[in-house]
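The primary structure of each chain is shown beneath.
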Amino acid sequence: VDDLKAQIALSYSQHPEFQFEQQEFQLERSALAAFNDAYDLARTCGGRLSARQFDWCVQKCNRELTTAFDQLKGQTTDSNEACFLQELRGECERLVNQELRYFRRRTVTRGVSLNGSRARADALNLLRSRHFLGKLPAEAVREILDVGAAALTRFRETARRGGLRRDELSLYQGPVVRAILHILNREFRKQGALDALGAYTGERMWAGGASLELSVPQATWWANSFAGLPRSPKTLYAHIDETIASPKAIVYLSDVDRMNGPTSYFAGAYESLSLNPLQELVGRVVGNVGNAADSPLRAYYAKQYHQSMTSERFRRHFMKLPADMRFNSHFGWEILPESAAENSLCAREQFMVGEGGTYIVFDGARLLHRGGMLERGERIALQVVFSKTNLIRRMVRGMRTLWR
Ligand SMILES: [Fe+2]
């Protein structure tokens with residue numbers, strides 16, 4: 001269970017779909033270390049550095065990122081490979097600057113209370129295992145289901161007619177969602193969940209976004225795997241999220257057991273990967289390469305189901321990256337069946353089963369997770385995204401409450 005990093009490296013090296021006759025790009029250790037050091041300093045000391053010191057970190061990260069990608073670019077004459085590197089570099093620049101801004105945030109203590117024992121326990125669970133579990137009262141679940149009733153009827157009708165895309169079976173904006181968020185924030189605040197999140201992130205948090213979703217067994221986007229393997233890995237769709245600034249929650253609105261799409265999580269797996277900063281950045285965004293409508297790689301890769309690794313050409317490019325900066329945050333699909341990595345991950349996996357109202361609050365960027373893959377029945381759930389709240393948002397919310 002312990003050496004997940006080595007086990008996953010071994011799994012790729014033995015996986016028949018990831019073997020290519022080609023030389024990996026080389027990245028000088030000093031170039032990798034220069035980026036990682038500057039990034040680590042910003043991540044660890046962000047709020048404590050002076051504006052000038054922090055600005056130095058930002059400049060340094062951007063400069064070293066350029067140096068690293070220039071080194072790789074100098075090793076290819078293939079235009080598609082060059083394009084892959086160019087897009088990956090753009091994605092890394094975008095994400096690193098977003099993360100650096102987050103590291104710079106001023107942490108708060110006012111407005112976050114750990115007086116309640118529940119909030120203290122939840123905060124500790126978030127810090128130690130990147131998640132905590134809870135349950136909304138049955139009345140709150142009923143209230144949410146009432147508000148969402150018309151939408152759910154519509155989703156069931158859409159599914160019956162064969163509409164199975166996620167956007168066809170979910171609702172994430174408009175008055176219904178705003179009403180649901182109001183109920184969620186009221187309940188999460190009462191239970192101390194928002195305080196626990198505030199203690200974890202150092203910012204006052206609230207449920208800022210939600211998506212009401214119906215999952216049905218006919219939707220099989222998650223099941224696709226490599227044709228050449230005797231069976232799929234047991235870790236399909238296990239992934240970490242892209243954004244580090246937005247913890248999430250999954251709230252069941254119907255009873256969920258092992259067969260109708262339980263959310264599951266692999267405590268400690270992210271930590272065991274011991275990714276270096278550049279590798280982690282690459283992993284969070286590499287799947288975006290070739291997705292833009294105007295990308296010359298879009299037609300070249302011809303990815304299926306928005307999954308990058310379904311394209312052999314993409315896999316070839318991915319495997320050209322130096323091992324030290326290679327990672328894919330959605331690696332669950334790529335685990336070799338019967339490998340030590342698969343066994344290790346399965347041994348860690350914990351399933352959240354329970355009645356409607358059961359929820360998990362988690363740091364999706366640092367807790368490997370998956371869910372919504374149904375064998376039978378249906379699942380009604382809310383995907384919730386937490387974000388920083390500020391005075392203006394709190395005032396607007398207060399006024400909405402008055403109008404209600
Ligand atoms: Fe996720």
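All of these numbers come straight from a predicted model, not from anything done at the bench.

Q: Tell me about the overall build of the chain, and please be specific about residues and values.
A: Within the chain, the regular secondary structure consists of 14 helices and nine strands. Taking 2.2 N^0.38 as the reference for a compact globule, 404 residues should give roughly 22 Å; the C-alpha atoms of the chain span a radius of gyration of 22 Å, in line with that estimate. Each principal axis of the C-alpha distribution contributes one length, and for the chain these read about 65 × 55 × 40 Å. Here the chain, with 404 residues, has 52% of them falling under the buried criterion. The averaged location of the 45 negative side-chain charges in the chain is 7 Å from the averaged location of its 55 positive side-chain charges.

Q: Outline the environment of G283, supporting the account with residue identities and numerical values.
A: In this fold, G283 is placed in helix α10 (residues 277–285). Overall, G283 belongs to the buried group, its relative accessible area being 2%. Taking the C-alpha atoms as reference, G283 lies 4.8 Å from S329; in sequence the two are 46 residues apart. Beyond its immediate stretch of four places on either side in the chain, G283 contacts F327, N328 and S329.

Q: Can you lay out helix α2 (residues 29–45) for me, pointing to particular residues and giving the numbers?
A: Here α2 is 17 residues long and its end C-alpha atoms lie 24 Å apart, about the 24 Å a rise of 1.5 Å per residue gives. Taken together, the buried positions of α2 are occupied by A31, L32, A34, F35, N36, A38, Y39, A42 and C45. Summarising the contacts, the buried residues of α2 are in contact with α3 (51–73), α4 (79–103) and α10.

Q: Lay out the sheet that holds strand β8 (residues 368–370) in plain terms, naming residues and giving numbers.
A: What the three strands build is an open sheet, ordered β6-β5-β8; its pairing is antiparallel. Looking at strand neighbours, the two that pair on one side only are β6 (349–352) and β8, the edges of this open sheet. Recorded for the sheet is a direction-independent mean angle of 25 degrees between the axes of neighbouring strands. By the bridge criterion, three bridges tie strand β5 (residues 263–266) to β8 in an arrangement that is antiparallel. Looking across to β8, one finds that S264 is bridged to R370. Packed on one face of the sheet, helix α13 (residues 340–348) meets β5, β6 and β8 and runs near 40 degrees to β6.

Q: Residues and numbers for the sheet that holds strand β9 (residues 379–388), please.
A: Reading across the sheet, the six strands line up as β1-β7-β4-β9-β3-β2 and stay open at both edges, with antiparallel pairing between neighbours. On the outer flanks of this sheet lie β1 (131–135) and β2 (170–171), each paired with one strand and no other. Bridge analysis of strand β4 (residues 248–252) against strand β7 (residues 358–362) gives four bridges, and the strand direction is antiparallel. Residue pairing in the sheet places I250 in a bridge with I360 of β7. Strands β1 and β7 of the sheet are contacted by helix α5 (residues 117–129), whose axis makes an angle of about 140 degrees with β1.

Q: How would you sum up the pairing of β7? Please name residues and give values.
A: For β7, a buried count of five out of five residues is recorded, marking the element as mostly surrounded by other parts of the structure. Two elements, β1 and β7, share five bridges in a ladder whose sense is antiparallel. Along β7, the bridge assignment pairs K135 with T358.

Q: Mind laying out the pairing of β4, listing which residues take part and the relevant values?
A: Most of β4 is tucked away: four of the five residues are buried. Alignment of β4 against β9, held across five bridges, turns out to be antiparallel. Considered in β9, the bridge of I250 is made with Q383.

Q: Mind laying out the pattern of salt bridges, listing which residues take part and the relevant values?
A: What the rule picks out here adds up to 31 salt bridges. In this structure, E64 and K60 form a salt bridge, with 3.0 Å as the shortest nitrogen-oxygen distance. Within this pair, E64 and its partner K60 are both found in helix α3, separated by four residues, close to a single helical turn. Residues E64 and K60 agree in their burial class; the two are buried. Of the charged contacts, one joins E242 and R94 as a salt bridge, the two residues approaching to 3.0 Å between their closest N and O atoms. Residue E242 is located in the loop between β3 (205–215) and β4, and its partner R94 is located in helix α4; the two are separated by 148 residues in the primary sequence. You can call R94 partly exposed: its relative accessible area is 36%. When salt bridges that share partners are traced, they join E143, R186, E187 and K190 into one network.

How each quantity is defined
Residue positions are given per chain, counted from 1 along the sequence in the order it is written. Two thresholds apply to this predicted model, a pLDDT of at least 70 for residue-level local features and 80 or more for giving and counting side-chain atom pairs, whereas whole-chain, interface and lining totals are computed over all residues. Here the side-chain values reflect all heavy atoms present in the structure, with hydrogen atoms and water set aside. Every helix listed is a DSSP run of H or I at least four residues long, and every strand listed is a run of E at least two residues long, numbered separately from the N terminus. Both definitions apply: the radius of gyration is a C-alpha atom measure, and the globule rule equals 2.2 Å times residues to the power 0.38. Using a 1.4 Å probe on the protein chains alone, a residue whose accessible area is under 20% of its type maximum counts as buried, one over 50% counts as exposed, and one in between counts as partly exposed. Positive charges come from Lys and Arg alone, negative charges from Asp and Glu alone, with His and the N- and C-terminal ends not counted. A charge is said to be at NZ when it belongs to Lys, at CZ for Arg, at CG for Asp and at CD for Glu. Contacts are assigned to residue pairs with any non-hydrogen atoms lying within 4.5 Å of each other. Take the number of residues in a helix, subtract one, and multiply by 1.5 Å to get its expected span. Two strands form a pair only when DSSP identifies at least two bridges running between them. Under this scheme, a helix contributes an axis fitted over its contacting stretch, all axes are lines through C-alpha atoms, and angles between N-to-C directions fall in the 0 to 180 degree range. Within this document, salt bridges are pairs made up of a side-chain nitrogen of Lys or Arg and a carboxyl oxygen of Asp or Glu, the two lying within 4 Å of each other.

This is a description of form; function is not addressed.
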